[in-house]
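# Tertiary structure, described
The primary structure of each chain is shown beneath.
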Amino acid sequence: MEAKIGYRIYKDIKRPSRELIERLREFSAPELCDGSIVYNAMDYHIKPMVTRKKICGPAVTVKLTMGDSLMVTKAVDMAQPGDVIVIDGRGSGNNALWGDHRSLSCKVKGIEGVVMDGAFRDLEECEEIGFPMYAKAVTCGSSTKNSNGEINVTISCGGVTVNPGDIIVGDVNGVCVIPQEFAEEIMANAKKKMESLEKVTKEILEQKKVLPDNYVANLAKLGYGDYTE
């Protein structure tokens, strides 16, 4: 029987290999955004709120009814070690989608981290537990736990489409989403950009060259004429 919309829960998702995860972990979120060409960076409000630990792992996605977090508990139950739970909280900062008990459960299970377009609470307790949490806000308000939701369906989090199994990379700069099928291409692009920047860094340090070669030409293209000052 086909699942009805609003009630879909899919247990099996296509997870990337551990080897691919560890290779991606070597890059920062900005480097991977550069490699993506069209940035897959989540909204800047979603940032590390508990620990500064980098996270990298496949997404277990959660879609909620506004103001309710019942399905978050189900996602914690379903998630496997190394997964990143990604929650579509519709950007609301008025109700907590997460708290200390969920953090403790995930740490015990070996979950990589949680990313939510929404708020959490129990900040001090969560900091003591040390489970990596990327969120939009902290609030003292709670959520109801009696409405339907969906797990491992396509969601939006921080303005970015996230599919189950997409690779989530989060660090102190923010959160980047890497579709598995483009991971190799994104890493190759990122390496090219990094090599270019390494050259610029060397020129600045060794030649005292502080401006890029192309900035005059770019100004000219914009109509500034022979910009020589």
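None of these values were measured; they are calculated from a predicted model. (Residues numbered from 1 in each chain as written. Predicted model: local features only at pLDDT ≥ 70, side-chain atom pairs only at ≥ 80, totals over all residues. Heavy atoms only, no water.)

## Details of the UniProt feature "coiled-coil region" (unreviewed entry) in the protein
Using the following cut-off: UniProt positions are given in the numbering used here, feature names are shortened, and annotations may be inferred rather than shown by experiment. Strands here mean DSSP runs of E at least two residues long; helices mean DSSP runs of H or I at least four residues long; both are numbered from the N terminus.
The UniProt feature table records "coiled-coil region" (unreviewed entry) at residues 180–207. From the first C-alpha to the last, residues 180–207 spans 40 Å; its make-up is 89% helix and 0% strand.

## Some remarks on the environment of Phe 27
The following threshold applies: In this scheme, a residue with accessible area under 20% of its type's maximum is buried, one over 50% is exposed, and one in between is partly exposed, where area comes from a 1.4 Å probe on protein chains only. Contact definition: two residues touch when any of their heavy atoms are within 4.5 Å.
Tracing the chain through its elements places Phe 27 in the loop between α1 (18–25) and α2 (29–35). The exposure class assigned to Phe 27 is buried, which follows from its relative accessible area of 5%. Once the C-alpha coordinates of Phe 27 and Glu 2 are considered, the two residues, 25 residues apart in sequence, prove to be 40 Å apart. What Phe 27 contacts, discounting residues up to four positions off in sequence, is Leu 32, Lys 54, Val 169, Met 187, Ala 190, Lys 191 and Met 194.

## Digging into a nonpolar patch on the surface
Filter applied, for reference: Patches here are clusters of residues that have more than 30% relative accessible area and form no salt bridge, with a 9 Å joining cutoff for like charges and a 5 Å cutoff for nonpolar side chains (Val, Leu, Ile, Met, Phe, Trp, Tyr). Methods summary: accessible areas were calculated by the Shrake-Rupley approach with a probe of 1.4 Å, and residue burial reflects only the protein chains presented. Salt bridge criterion: a side-chain nitrogen from Lys or Arg within 4 Å of a carboxyl oxygen from Asp or Glu.
Taken together, the side chains of Val 200, Ile 204, Leu 205, Val 210 and Leu 211 define a hydrophobic patch exposed on the protein surface, amounting to about 460 Å² of accessible area. Position of Val 210 relative to the elements: it lies in the loop between α6 (183–207) and α7 (215–224). Judged by relative accessible area, which is 63%, Val 210 ranks as exposed.

## Details of the pairing of strand β12 (residues 174–178)
Worth spelling out the cut-off: Whether two strands pair depends on DSSP finding at least two bridges between them.
Counting buried residues along β12, five of its five residues qualify, which places the element largely inside the surrounding structure. Inspection of the sheet shows strand β11 (residues 167–171) paired to β12 by five bridges, in the antiparallel sense. Directly across from Gly 170, in β12, lies its bridge partner Val 175. Here β11 hands over to β12 after two residues, the two strands then running antiparallel side by side.

## Notes on the UniProt feature "binding site: substrate" (unreviewed entry) in the protein
Sequence positions flagged by UniProt for "binding site: substrate" (unreviewed entry) are, in local numbering, Arg 121. In this fold, Arg 121 is placed in the loop between β5 (119–120) and α5 (123–129). Exposure remark for Arg 121: the relative accessible area of 30% places this residue in the partly exposed category. Excluding residues within four positions of it along the chain, Arg 121 makes contact with Ala 96, Trp 98, Gly 99, Asp 100, Cys 126, Thr 139, Cys 140, Gly 141 and Ser 142.

## Here we look at the pattern of salt bridges
In total, this model carries eight salt bridges according to the counting rule given. The residue Arg 25 makes a salt bridge to Glu 22 at a minimum N-O spacing of 3.1 Å. On the criterion of helical spacing, the pair formed by Arg 25 and Glu 22 is a turn pair, its members being three residues apart in helix α1. Looking at Arg 25, the relative accessible area reads 22%, which means it is partly exposed. Judged by relative accessible area, Glu 22 falls into the partly exposed class, the value being 34%. Taken together, the salt bridges that share partners define one network made up of Arg 18, Glu 22, Arg 25 and Glu 112.

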